[in-house]
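The residues making up each chain are set out below.
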Amino acid sequence: MLVLTILFPLLGFVLLGLLGKRMREPLPGVIASGLVLASLVLGVILLAQGGAKFAVPDWLPGISFSLNLDHLSGLMLLIVTGVGFLIHVYAIGYMHADAGFSRFFAYLNLFIAMMLTLVLADNYVVMFIGWEGVGLASYLLIGFWYQDRVNADSARKAFIVNRIGDLGFLLGMGLLWAMFGTLGISEINTKLEENLFIPAGLSLAAFLLFVGAIGKSAQVPLMVWLPDAMAGPTPVSALIHAATMVTAGVYLLARSSFLYINVPEVSLWIAILGLATAIYGALSAFGQQDIKRIVAYSTLSQLGFMFVAAGMGAYWIALFHVLTHAFFKALLFMASGSVIHALGGEQDIRKMGGMWRYLPQTRWHGLIGALALGGMPLLSGFWSKDAILYSTLFYSVNSSLVFYLLLLATAFLTAMYSMRWFVTVFLGQYRGEAHPHESPGVMLFPNHILALGAVFIGYIGLPEPFPNFLERFLEPNLAHLEYEKPSLGLEWTLVLISALVALAGLYLGYRFFQQKVLPGWYTRFAQASEHSFYVDQMYNTFIVNPLKSLGNLLFDGDKGLLGGFSWLGTLTAGLGSLLARLETGYIRFYAAGLVVGAVLLLLWGVSR
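Residues numbered from 1 in each chain as written. Predicted model: local features only at pLDDT ≥ 70, side-chain atom pairs only at ≥ 80, totals over all residues. Heavy atoms only, no water.

Asks: Talk me through the side chain of T81; I want residue IDs and the actual numbers.
Replies: Mapping T81 onto the fold places it in helix 3 (residues 71-94). T81 sits in the buried class, given a relative accessible area of 0%. A polar contact of 2.6 Å, which involves the side chain of T81, links it to the backbone oxygen of L77. The residues touching T81, leaving out its near neighbours within four places in the chain, are V36, S39, L40 and L116. (Helix = DSSP H or I, 4+ residues; strand = E, 2+ residues; numbered from the N terminus. Buried < 20%, exposed > 50% of the residue type's maximum accessible area, 1.4 Å probe, protein only. Polar contact = N/O pair within 3.5 Å; in protein donor to acceptor, adjacent residues only side chain to side chain. Contact = heavy atoms within 4.5 Å.)

Take a look at the structure:
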């Protein structure tokens, strides 16, 4: 049954890839959605039975193909298949009448199958198969409308940047194999408990795995691929940026928590780069004019929050934010898709406004998503974000007031740009030319479910004295860090501070972005923000263009070198044409040739 959770969506990929063109809408979407739902049901059954394991010993020499469904991988399975199923259903309406309808759902099923392979793996090699499979599927989905050069370039960019991180993952696996003689996650954990490791080697291996996580989860400095991934259809944006691919790096850190708990110096770097990513993503979101790019940069920032929690050793809190983020971020993307659908494909927020009057259901989806992202008290995003802030003060040897204050300021900025997105799209006067219309029911139903999750899912991880179901659920499968808990009064004082900061950010953002003319200082800031503070341009200037020039130089040298031997080709062609003349097609000519050859051989033999 555990293998079937992967095989069901993989079957959908094969079936739709081979026969999809012969099917009429909406059959490919129904088949793909049904197979993902089947994986979800199987996962729930196995979790209710206490989990499951599957292994093929010596699948490769010394390496088994092993899968493990425990509470940690079970949580991720529920997120991937649950939110993934809703995105599949939404896509049936969003991709209606698209020429590549069946191909799109084949790619979606491939993505889900590879993501399930990644999260269920109990061996780093098996995890790497899912890791690379997710990269391939995301390349196909981001560049789905490949006829447009921009889309093809965006897919290529995502693929290439991720390869940098993947090299780190490979090197980390090699070092773990050299130290432990195995790549089984459970086996390495056992040897670490027995102190069978070299501290310096373990630090380097953990850092190299972290490099892999940097690429997949788009952390500084490998964050440039994620905003460009908006080139894919909106369901792709929801699938990649909300619940699945970008959170794979966080999952890798959590699954390897037994490594990172022993190397606090690497964990500190995880927290530092996470903080840098959170700040960069928040600042870059302010100037974006594409409705989906604003949400994409918010994903960048929220991933930074997750990495800070992981760097502090608060692995369950990082996964708590993965869970809440999956709901409110998928909701934001799919609400954005509904607006785009309503406006005939328009994505520029300067040509929107006033959608509150035209989209009576999507407006509530957008409001709930924006408030949850902004940390509105009592919504899911508030509880997980507050827990991350709490972790920066109490959870680790790396805890620091500086981390807390900077993350608190970033949470304030998050609330402000969340309101910018909502105010610019849904309030004021409509500034476009299309005739807005609400989305069909097949697109609205998944958003209703996601909206409920964005409101209530956070209540499984409440602070004391309330029960914390999620921490208890994940505790057996995560490394545990001992720390001194603060008093109840101090803890709830911090909760109150988080609430006040979020409310202040939401209110100020609501008032500020309703102004018809924004201050000059903000306009100048927004121009830099719109270009993501010119990081892409710097990368192109100092890395991409010099490498292109070197490649062109080597290519020209290669052509020149081969051109100097062009006479070989001429000689070969000449000899070939001479031999071709001997192929006359006349049997008498061939018989005469045999006789002449026999006589010459006879004369040669006599002369010997």
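Asks: Hey, could you go over the layout of surface pockets for me, with residue numbers and the actual values?
Replies: Taken as a whole, the largest pocket holds about 740 Å³ of empty space. Secondary structure elements with two or more residues in the lining of the largest pocket: helix 6 (149-180) and helix 24 (535-563). With nine residues, the single largest contributor to the lining of the largest pocket is helix 6. A per-class count over the lining of the largest pocket returns 11 nonpolar, three polar and eight charged. By volume, the second largest pocket is sized at about 610 Å³. T424, F513, Q515, K516 and L518 are, among the 23 residues lining the second largest pocket, the residues nearest its centre. Among the secondary structure elements, those contributing two or more residues to the lining of the second largest pocket are helix 19 (401-426) and helix 23 (520-530). Here the lining of the second largest pocket gets five residues from one element, more than from any other, and that element is helix 23. Residues belonging to the lining of the second largest pocket are distributed by class as follows: nine nonpolar, nine polar and five charged. (1 Å grid on protein atoms, 1.4 Å probe; cavity = no way out; pocket = protein on both sides within 12 Å on 5 of 7 lines; lining within 4 Å. Points joined across faces, edges and corners; volume = space filled by probe spheres on them. Nonpolar A, V, L, I, M, F, W, Y, C, P; charged D, E, K, R; others polar.)

Asks: Quick one: what's the story with helix 19, residue by residue and with numbers?
Replies: Residues spaced three or four apart along an α-helix point in a common direction, a consequence of the helix completing one turn every 3.6 residues. Its 26 residues place the ends of helix 19 37 Å apart at the C-alpha level, agreeing with the 38 Å of an ideal helix rising 1.5 Å per residue. Of all the 26 residues making up helix 19, 19 are buried; the element is thus mostly covered by neighbouring parts of the structure. Two or three places before V402, at the opening of helix 19, S400 has a side-chain oxygen 3.0 Å from that residue's backbone nitrogen. Of the residues flanking the end of helix 19, it is G428, one or two places downstream, whose phi is positive at about 75°. (Expected span 1.5 Å × (residues − 1).)

Asks: So, the pattern of salt bridges: which residues are in play, and what are the values?
Replies: Two side chains carrying opposite charge are able to pair once their charged atoms lie near each other. A full pass over the atoms with the stated rule returns 10 salt bridges. A network of salt bridges, in which partner residues are shared, links K157, D228, R293 and D536. (Salt bridge = Lys/Arg side-chain N within 4 Å of Asp/Glu carboxyl O.)

Asks: Give me the nonpolar core: which residues, what numbers.
Replies: Ranked by internal contacts, the top residues of the largest apolar core, which has 201 residues, are Y124, W225, L259 and Y260. Sorting elements by how many residues they give to this core places helix 15 (residues 315-342) first, with 19 residues. With near-sequence residues (within four places) excluded, Y260 lies in contact with A206, L209, F210, L253, V266, S267, I270 and Y315. (Core = buried A, V, L, I, M, F, W, Y, C linked by side-chain atoms within 4.5 Å.)

Asks: Talk me through the packing of aromatic side chains; I want residue IDs and the actual numbers.
Replies: Within the structure shown, the criterion is met by 37 aromatic pairs. Consider the rings of F104 and F105, whose centres lie 5.7 Å apart with planes at 90°: the pair is edge-to-face. F104 gets classed as buried once you look at its relative accessible area, which sits at 0%. Centre to centre, the rings of F207 and F210 are 6.1 Å apart; their planes meet at 70°, and the pair counts as edge-to-face. Here F207 pairs with F210, and both are found in helix 8 (residues 199-216), just three residues apart, close to one helical turn. Accessibility expressed as a relative area gives 33% for F207, which makes it partly exposed. Taking the relative accessible area as the measure of exposure, F210 reaches 0% and is therefore buried. The ring of F159 is capped by R163, whose NZ or CZ atom sits 4.2 Å from the centre of that ring. (Phe/Tyr/Trp six-rings, centres within 6.5 Å; stacked < 30°, edge-to-face > 60°. Lys NZ or Arg CZ within 6 Å of the ring centre and 35° of its normal.)

Everything listed is a geometric property; what it means functionally is a separate question.
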